[in-house]
Amino acid sequence: METMKQTLAEVHAELESDFAEVVEWRRYLHQHPELSFQETKTARFIADKLRSFGYEDIQTEIGGYGIVASLSGKEAGPTIALRADFDALPIEDEKETPYRSKTPGVMHACGHDGHTAALLGTAKALIKHKDSLKGKVVFLFQPAEEVPPGGAKAMIEDGALDGVDYVYGAHLNSACPCREDRRW
C-alpha cells in the first residue's frame, strides 16, 4: 500500500510539473481545430506525442481517426480505459486571445482540446511508472463526438474496447474553483 501511495504521489508531482506543457498542447489544439470526421492533423499530433513519450502499442485510424494506445504493467490486473474526444464545432472563435482558433468558423467550444491535452498529460506521466502498474491502461482518443452516431460507435466496432474492464472519461467543469495561475 505504501508503494502505491508513493507512486500516486510521484504521478501527481509529474502532472504538476508538466502542467505548463499540457496547457501549451491545449492551446495548440485550440488554435488548430478540426470538425468531426476531418481530424487528420489532430490525430497525427496525438499519435506523435504518444510516440515521443515512448508508447509503442499505438493503433491509429480506429473507427475513422481514432487512436488507441496501450500501456501494460508488470503484473496482471484489470484493463482500464481512459477516454478523451478531440473534434471541434462549426462556430466562429470570437474571443481575443493569443491561442484563438486559426481556422475560420471552427473552434473547440466544448473543451475537447482540454480533454485531449489532459489525457496526453496523463499518458506522459503514467508511462514513467509502467513497472508499478498492475494491469493495463488503454488511452482512447475519440474523434467525431459531436456528430451522431459519432466516433465512439465506429471505434467500438473496430475493437477499441475489446478486453477493457472499465472505462473512465472526464469533462471539463468550469464551475470548479481554480487557482488564478491555473487558467487554461
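The following paragraphs examine the structure supplied in this document.

Conventions and cut-offs
Residues numbered from 1 in each chain as written. Predicted model: local features only at pLDDT ≥ 70, side-chain atom pairs only at ≥ 80, totals over all residues. Heavy atoms only, no water. Helix = DSSP H or I, 4+ residues; strand = E, 2+ residues; numbered from the N terminus. Expected span 1.5 Å × (residues − 1). Contact = heavy atoms within 4.5 Å. Core = buried A, V, L, I, M, F, W, Y, C linked by side-chain atoms within 4.5 Å. Buried < 20%, exposed > 50% of the residue type's maximum accessible area, 1.4 Å probe, protein only. Pairing = 2+ DSSP bridges. Axes fitted to C-alpha atoms, helices over the stretch in contact; angles between N-to-C directions.

1. Digging into the environment of Leu8
Now for step 1: By secondary structure assignment, the location of Leu8 is in helix 1 (residues 2-17).
Now for step 2: Sequence separation between Leu8 and His129 is 121 residues, and the spatial gap between their C-alpha atoms is 9.5 Å.

2. Considerations on helix 3 (residues 40-53)
Now for step 1: Relative to the 20 Å expected for 14 residues at 1.5 Å per residue, helix 3 spans 20 Å between its end C-alpha atoms, a close match to the ideal helical length.
Now for step 2: Those residues of helix 3 hidden inside the fold are in contact with helix 2 (19-31), strand 1 (58-62), strand 2 (66-72), helix 4 (112-127) and strand 4 (134-142).
Now for step 3: One or two steps after helix 3, the chain reaches Gly54, where phi turns positive at roughly 110°.

3. With respect to the nonpolar core
Now for step 1: Residues Leu50, Tyr55, Phe139 and Phe141 are the most contacted members of the largest nonpolar core, which totals 29 residues.
Now for step 2: For this core, the element with the highest residue contribution is helix 4, accounting for 7 residues.
Now for step 3: Not counting residues within four places of it along the chain, the set of residues in contact with Phe139 comprises Tyr55, Ile67, Val68, Ala69, Leu71, Leu82, Leu119, Thr122, Ala123 and Leu126.
Now for step 4: Judged by nonpolar contacts, the second largest core, of 8 residues, contains Ile62, Met155, Ala160 and Val164.

4. A short note on the sheet that holds strand 5 (residues 166-169)
Now for step 1: Spatially, 5 strands are ordered 1-2-4-3-5 in an open sheet, and the strand pairing comes out mixed. Edge positions in the sheet fall to strand 1 and strand 5, since each of these pairs with one other strand and no more. Each strand of the sheet is rotated relative to its neighbour by a mean of 20°, with strand direction disregarded.
Now for step 2: Bridging between strand 1 and strand 2 involves 3 bridges; their strand directions are antiparallel. From the neighbouring strand, Ile58 faces strand 2, where its bridge partner is Ala69.
Now for step 3: Strands strand 1, strand 2 and strand 4 of the sheet are contacted by helix 5 (residues 150-157), whose axis makes an angle of about 135° with strand 4.

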